[in-house]
Amino acid sequence: RAQRVMASASLKPVSGPSAWLGADLQNKEDQWIYTLSASDIEEIDRAIAHVHTIFPAPSGELNIAQVHKEHFHVPKFSQTLATIQEDLVHGKGFILLRGLPVEKYTREDSALAFWGIGLHFGEPVSQNAHGHILGHVADLGSDPTLPTTRLYTTNKKQRFHVDSSDVVGLLCLQKAKEGGLSSICSSVTVYNELLKRYPELLSELMSKDLYWDRKGEVPEGRQPYWKQPIMQFHEDQFTAFYDRNYLTTTHRHEGVPPLSPVQLQAMDKMEELCASDPIVLHMVLEPGDMQFVHNHHLFHSRTDFIDWPEVRRRRHLLRLWLSAPNGLPLPEEFKERYGDDIRVGSKRGGIICPGTELCTPVDPFVGLV
């Protein structure tokens, strides 16, 4: 541990557009909310119609996975999306696209529009062992106390965390009756504050002796856990990876030690900074809002929520995990989670296990109605 503390003494603060404060942006929504114009929506409508023409599905559900970027033709809007994508990966690291008219679309067309827009930010990768490349954030009745449960399938609070891809996107289809507030923060800013105020705890977060639980989703040839720091540098680039829910259950595996008191203290202090003013930025996702976040430079969270009793009114967000073609160079440790090929421009990230078949289910509530 003494060596880690000494190493932290050589660290420097990180500057640049990704090191922002929520307080500086809260009342400057024009810097992080883009409202779709009438022209944008017209192009999206035409793209949806075009996809249905080239991929007719008269007797069933459209296989959205067969839709590629060139099929979803939005010529003028794509120029706007290209500018946003660059800022997403190499700028402040997030955007809220507002105003997709989900109220006039079928569930399938809402998913198709979200998918087509997401393809302009990266290539979808699998979000679980089931191979969902179009995912669903909804309370599906999963037991949050089980160590293998992914919390996005419950109504419980999700602490500040990242997902296992370069970019994560969410489309709000339906709000909860109460709660479900979305919050984000710059992990770069959190790192800078830890360096300034708690360097001895920062060294714990940068340790390679942290064990992560795969929650039963084990790729071929891998152990049911892996080791990776929470914060680290590679080629002079900062990157963060964090989900406490994957760290607190790993000691159930043979040979894995429980988290030490100082490791828990370091995570507590980091999360305290994430949620604090002036660092945190809160937002309410309305139906038709699309939030895209760069996982390597941002943490995101959501509060717990109370749902409507009717299944079809339940809180429901579509989700994409995206591999960005212009992503950051990543350290070797990411191979354990992102796959063996983590080169910039490769399709990296996601979860592939034996038997995984990629799919794009449109309705997560089948069997619950």
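The following paragraphs examine the structure supplied in this document. Computed from a predicted structure; not experimentally measured.

The rules behind the values
- Residues numbered from 1 in each chain as written.
- Predicted model: local features only at pLDDT ≥ 70, side-chain atom pairs only at ≥ 80, totals over all residues.
- Heavy atoms only, no water.
- Axes fitted to C-alpha atoms, helices over the stretch in contact; angles between N-to-C directions.
- Helix = DSSP H or I, 4+ residues; strand = E, 2+ residues; numbered from the N terminus.
- Parallel < 35°, antiparallel > 145°, perpendicular 65-115°, else oblique.
- Left-handed = near helix turned anticlockwise from the far one by under 90°.
- Contact = heavy atoms within 4.5 Å.
- Nonpolar A, V, L, I, M, F, W, Y, C, P; charged D, E, K, R; others polar.
- Phe/Tyr/Trp six-rings, centres within 6.5 Å; stacked < 30°, edge-to-face > 60°.
- Buried < 20%, exposed > 50% of the residue type's maximum accessible area, 1.4 Å probe, protein only.
- Lys NZ or Arg CZ within 6 Å of the ring centre and 35° of its normal.
- Expected span 1.5 Å × (residues − 1).
- Arc of directions from axis to C-beta.
- 1 Å grid on protein atoms, 1.4 Å probe; cavity = no way out; pocket = protein on both sides within 12 Å on 5 of 7 lines; lining within 4 Å.
- Points joined across faces, edges and corners; volume = space filled by probe spheres on them.

In this section: the packing of helix α6 (residues 187-197) against helix α9 (residues 261-274). Where α6 contacts α9, the axes come no closer than 10 Å and their chain directions differ by 125°. Regarding the angle of α6 to α9, the classification is oblique. With respect to the hand of their crossing, α6 and α9 are arranged in right-handed fashion. Contacts from V190, E193, L194 and R197 of α6 reach α9 at K269, M270, L273 and C274. Of the residues belonging to the contact of α6 with α9, the class tally is 5 nonpolar, no polar and 3 charged.

Time to look at the packing of aromatic side chains. Taken as a whole, this structure holds 15 aromatic pairs when the rule is applied. Relative to F292, the ring of F121 has its centre 4.6 Å away and its plane inclined at 75°; by these criteria the two rings are edge-to-face. Taken as a pair, F121 in the loop between α5 (107-118) and β3 (123-124) and F292 in strand β14 (residues 290-294) lie far apart in primary sequence, 171 residues in all. Both residues of the pair, F121 and F292, belong to the buried class. Considering the side-chain rings of W226 and F241, the 6.2 Å spacing of their centres and the 70° angle between planes classify their relative orientation as edge-to-face. With a gap of 15 residues between them, W226 in strand β10 (residues 225-227) and F241 in the loop between β12 (237-240) and α8 (244-247) connect regions that are remote in the sequence. An identical accessibility class is assigned to W226 and F241; each is buried. The rings of W212, W226, F241, F334 and Y338 are connected pair by pair, giving a single aromatic cluster. For R313, the ring lying beneath its charged end belongs to W308, and the centroid distance is 3.7 Å.

So, about helix α4 (residues 75-90). It helps to recall that an α-helix has 3.6 residues per turn; residues three or four apart then point in one direction. Across its 16 residues, α4 extends 23 Å between first and last C-alpha, which sits within 8% of the 22 Å expected from 1.5 Å per residue. Taken together, the buried positions of α4 are occupied by F77, L81, I84, Q85, L88 and V89. Mapping the buried residues of α4 onto a view down its axis gives an arc of 125°, with all of them on the same face. Turned more than 90 degrees from where α4 packs its buried face, K76, Q79 and T83 sit exposed. Looking at the buried side of α4, the elements it contacts are β1 (33-35), α3 (38-54), β2 (94-98), α5, β6 (167-174) and β14.

In this section: the layout of surface pockets. By volume, the largest pocket amounts to about 530 Å³. In terms of lining residues, the largest pocket is bounded by 39 residues, among which L151, Q158, R159, H161 and D243 are the most central. Those elements that place two or more of their residues in the lining of the largest pocket are β5 (158-161), β6, α8, β15 (298-302) and β17 (316-323). The greatest single-element share of the lining of the largest pocket, amounting to 4 residues, is contributed by β5.

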